[in-house]
Amino acid sequence: MALAAGAALAAGACGGRVVVDGFEPTDGTGGSGATPSSATPGSSGVGQGGDIGEGGAPPIPPLVKQEFVELVAGESVAVVVPPGTLGITAVAQLMTSPPSWEPIGIKSITGPDGRMLVTDYSIPGTMALFYNQGIGTAAVPQTGTAATVPLVPGTYWIATGDGSSGPLAAPARLSVWRRQTLDGRFHGGKIDINAFIAGNAISEEYMQRALLAAYRGFVGLDVGSITVHHIGSEWASVDEERLPGVLEQTAGALGRPALNVIAVSEFHGRLAGAAGATPAAPAVAVEHGTHLSGIVVTLFEDPGVDTIILRHELGHFAGLFHTTEFYAGFADPLDDTSQCDDVLSQLEGCPDYDNIMFPTGGDLSSTMTPQQTTIVQASALYRGIVEDGGGAAAPLPAGPGTPASGAPVAPPAPSGDARAAAPDRRAWGAALPPRAAILLGGHFCGHSAAGGAGFFARLGAAGGADAGQLLAVGRDEGAPVHARARALAAAGRSAAASAPSARVVAELQAIAADPRQPRQTRLGAIQGVASASPAAARALAARLLADPDEVVERTAIRAAR
């Protein structure tokens, strides 16, 4: 790393300080520690999801960080990648407290052969944007040409900027995290998870079970520690403007690297209809409390569907894009994934429909290609193992001031097979156009919504605009809960788009007020009422004051504003 530091100084940045995962460097930087079992106030420690430390401590650090400061926008720093490297993750960050809302990101990455891997904050042909509010990321590999094992060694040049061509808004640093093993091959590792529950969006027990079912064994990784935290109910409903704020609530979380998973009750605004939102691809597993520090999901207590939601969003978090986007001409930059000419018109006829990163989650089979798997395994997501039969590194310590608590408690074992069955729409979706039923029953994430048209616009374009048909799905107790919720929300929008129907509004109000209905179904009905008639939404909010379900009450009040 000395060569990289020297080259960086010549390029206009100071730095090169090295911190390693699970080791105590001789110069005192970085650190090591036992697997944390503590939690911030209002949190409960939940213990090991796997057998951590089998085979003993690794002989070399699996994750090494090099840091550069005094960055100059547009000027490159040199990062030397030695043999044995699986991947690097670059994190540019404005050095402010609290986190800045000014943009910063990775402007370009050039490989040892001179090939541009990132150019102008993106990868050509994708919808990638490698800048964000206060922090921006990019990784190698994220393209098929770089998805080799091990990564091609040599000098990589990384430039930062503000998302355009202006100066940086504040002093900034660039951290480059390099994942390595003894032989440059993947040998496994542990994903530590901080689970954040907004209000009473989901029970602790189900949250733990869902995380274990989704991530234990996924791409050859295991679950390490799970720690459950609780945040305020004011974060239970999230739109695109509140998404960065809810990610800030991860500040003080335990361990690094770690995946922060925030469970909320619903998405609204441009994110309405979504089941998950990841702020960037890749996002940040090595620092908590930033605007990229986690994924945000709604869980439906349907293990098959929730597994797809969690795995799809983790794919984005680790650096994967959709195999094909809803927007024609945009796809991932991988060589071994298929692409679809027109996602919305073909859907299950698309050649990539079976892939976990298809924009709707595909056929729910969790299929991944070798290059997709390589990108997740090369990320900074987990505590690595560097040799066959070795043990995972201990985590880097939590941020300063994080209190400790008692010994962890073992989480419940996952139940059933994590692989989901293909959705059966023959009954509940029979009256709908097939493409509309697929959209209602599939996954939809904030990555798709960020490009412009949201879920309900696409549903209408697929033929899902008949309020009567949508109401029928919403009433059908045999339909998946997430499909019912979306159908009821869409029914209200359809009624508003044509002529407000008293019958539609009355049915939506009745479902919203029925405590026998699943929570998510009631929330969808509330969204539908608010879209169809603001006056009816205010009346419904008054009716639901002091409802036994606090989430329903708060959602009705918000929707009536």
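These remarks concern the structure in this document. This one's a predicted model, so the numbers in the text were calculated from it and none came from an experiment.

## Here's the deal with the side chain of Thr 126
Mapped onto the elements of the fold, Thr 126 is located in the loop between strand 7 (116–118) and strand 8 (131–133). Taking the relative accessible area as the measure of exposure, Thr 126 reaches 7% and is therefore buried. A distance of 3.1 Å separates a polar atom in the side chain of Thr 126 from the backbone nitrogen of Ala 128. In this view, Thr 126 contacts Phe 321, Phe 330, Ala 331, Asp 332 and Pro 333; residues no more than four positions away in its chain are not counted.

## Observations concerning the packing of helix 2 (residues 204–215) against helix 4 (residues 303–318)
As a packed pair, helix 2 and helix 4 sit with axes 9 Å apart at the nearest point and diverge in direction by 65 degrees. Once helix 2 is placed against helix 4, the crossing between them reads as right-handed. Contacts from Tyr 206, Ala 210, Leu 211, Ala 213, Ala 214 and Tyr 215 in helix 2 reach Pro 303, Asp 306, Thr 307, Leu 310, Arg 311 and Leu 314 in helix 4. Broken down by class, the residue content of the contact of helix 2 with helix 4 amounts to nine nonpolar, one polar and two charged.

## Details of the state of the cysteines
One pass over the full model with this rule turns up one disulfide. Put simply, Cys 340 and Cys 350 are joined by a disulfide, and their sulfur atoms are 2.0 Å apart. Taking the sign of the S-S torsion, -60 degrees for the link of Cys 340 and Cys 350, the bridge is left-handed. Placement of Cys 340 in the loop between helix 4 and helix 5 (343–346) and of Cys 350 in the loop between helix 5 and helix 6 (370–377) is noted, with a sequence separation of 10 residues between them. Grouping residues by exposure puts Cys 340 and Cys 350 together as buried.

## What about the environment of Phe 444?
Locating Phe 444 in the fold gives a position in the loop between helix 7 (434–441) and helix 8 (446–449). In this structure Phe 444 comes out as buried when scored by relative accessible area, which is 2%. Sequence separation of Phe 444 and Pro 359 is 85 residues, and the distance between their C-alpha atoms is 6.6 Å. Apart from the residues within four sequence positions on either side, Phe 444 is in contact with Gly 273, Ala 274, Ala 275, Gly 276, Phe 326, Pro 359, Ala 449, Gly 454, Phe 455, Arg 458 and Arg 486.

Thresholds applied
- Residues numbered from 1 in each chain as written.
- Predicted model: local features only at pLDDT ≥ 70, side-chain atom pairs only at ≥ 80, totals over all residues.
- Heavy atoms only, no water.
- Helix = DSSP H or I, 4+ residues; strand = E, 2+ residues; numbered from the N terminus.
- Buried < 20%, exposed > 50% of the residue type's maximum accessible area, 1.4 Å probe, protein only.
- Polar contact = N/O pair within 3.5 Å; in protein donor to acceptor, adjacent residues only side chain to side chain.
- Contact = heavy atoms within 4.5 Å.
- Axes fitted to C-alpha atoms, helices over the stretch in contact; angles between N-to-C directions.
- Left-handed = near helix turned anticlockwise from the far one by under 90°.
- Nonpolar A, V, L, I, M, F, W, Y, C, P; charged D, E, K, R; others polar.
- Disulfide = S-S within 2.5 Å.

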